[in-house]
Amino acid sequence: MSESYDPEKETFMGVPRKKIPWWPTIDYVKCNFCMECDKFCPHDVYARIEGEEKKLIVKNQYNCVVFCRTCAKTCAPDALSFPNKREITKLIKKFRSENK
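First, a word on scope: everything that follows refers to the structure included in this document. (Residues numbered from 1 in each chain as written. Predicted model: local features only at pLDDT ≥ 70, side-chain atom pairs only at ≥ 80, totals over all residues. Heavy atoms only, no water.)

### Structural notes on the nonpolar core
Point 1. Grouped together as the largest cluster of nonpolar side chains are 22 residues, with contacts concentrated most on Ile 20, Trp 22, Tyr 46 and Leu 80.
Point 2. Looking at this core, the elements with two or more residues in it are helix H2 (70-73) and helix H3 (85-98).
Point 3. If we ignore the near neighbours within four places in the chain, the residues touching Tyr 46 are Pro 24, Ile 26, Cys 37, Asp 38, Cys 41, Leu 56, Ile 57, Val 58, Lys 59, Cys 71 and Leu 80. (Core = buried A, V, L, I, M, F, W, Y, C linked by side-chain atoms within 4.5 Å. Buried < 20%, exposed > 50% of the residue type's maximum accessible area, 1.4 Å probe, protein only. Helix = DSSP H or I, 4+ residues; strand = E, 2+ residues; numbered from the N terminus. Contact = heavy atoms within 4.5 Å.)

### Quick look at the pattern of salt bridges
Point 1. One pass over the structure, following the stated rule, counts four salt bridges.
Point 2. Salt-bridge contacts for Arg 48 lead to Asp 38; the nearest nitrogen and oxygen are separated by 2.6 Å. Of this pair, Arg 48 sits in strand E4 (residues 46-49) while Asp 38 sits in helix H1 (residues 36-40), and the two are 10 residues apart along the sequence.
Point 3. In this structure, Glu 98 and Lys 94 form a salt bridge, with 3.4 Å as the shortest nitrogen-oxygen distance. Taken together, the positions of Glu 98 and Lys 94, both in helix H3 and four residues apart, correspond to about one turn of that helix.
Point 4. Given the relative accessible area of 47%, Glu 98 is considered partly exposed. (Salt bridge = Lys/Arg side-chain N within 4 Å of Asp/Glu carboxyl O.)

### Observations concerning the environment of Tyr 62
Point 1. Inspection of the secondary structure puts Tyr 62 in the loop between strand E5 (55-58) and H2.
Point 2. The exposure class assigned to Tyr 62 is buried, which follows from its relative accessible area of 18%.
Point 3. For the pair Tyr 62 and Trp 23, spaced 39 residues apart in sequence, the C-alpha separation works out to 7.2 Å.
Point 4. Within the local environment of Tyr 62, its side chain forms a polar contact with the side chain of Gln 61, the two groups lying 3.4 Å apart. (Polar contact = N/O pair within 3.5 Å; in protein donor to acceptor, adjacent residues only side chain to side chain.)

### A few points about the pairing of E4
Point 1. Inspection of the sheet shows E4 paired to E5 by four bridges, in the antiparallel sense. Paired with Arg 48 across the bridge in E5 is Leu 56.
Point 2. Between E4 and the antiparallel strand that follows it, E5, lie five residues; Gly 51 among them carries a positive phi value of about 145°. (Pairing = 2+ DSSP bridges.)

### Regarding unusual backbone geometry
Point 1. Not every positive phi belongs to a glycine, and Asp 44 is a case in point at roughly 55°.
Point 2. Looking at where Asp 44 falls in the secondary structure, it is placed in the loop between H1 and E4.

### Structural notes on H3
Point 1. If you check H3, its first and last C-alpha atoms are 20 Å apart, about what 14 residues at 1.5 Å a residue would give, namely 20 Å.
Point 2. Along H3, the positions that sit buried rather than exposed are Ile 88, Ile 92 and Phe 95. Along H3, the residues classed as buried sweep out an arc of 65° about the axis, all on the same side. For H3, exposure combined with an orientation more than 90 degrees from the buried face picks out Arg 86 and Lys 93.
Point 3. Packed against the buried residues of H3 are strand E1 (11-12) and strand E2 (15-16).
Point 4. The backbone nitrogen of Arg 86 lies 2.9 Å from a side-chain oxygen of the residue at the head of H3, namely Asn 84. (Expected span 1.5 Å × (residues − 1). Arc of directions from axis to C-beta.)

Structure below.
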């Protein structure tokens, strides 16, 4: 039997995943709700809200693979953005040095 995913136990480079603020931000002015990012991402990061207004949200932010930005490449209107990779790298290094 396979273990279920537990974000509380996940780490990236020795740092708890919950301490790393890496996930997409959706610009709803640009988003045309094509859902290509959601169709592409195998990590269940997004959720679709159906109803009068279709909407895409980042539902499971810690499922996002740190430094992955591939979903943004599928977004024709360029509606997805990610944190600055250099800043996140500095943050990870800081957390790692604190835990030595």
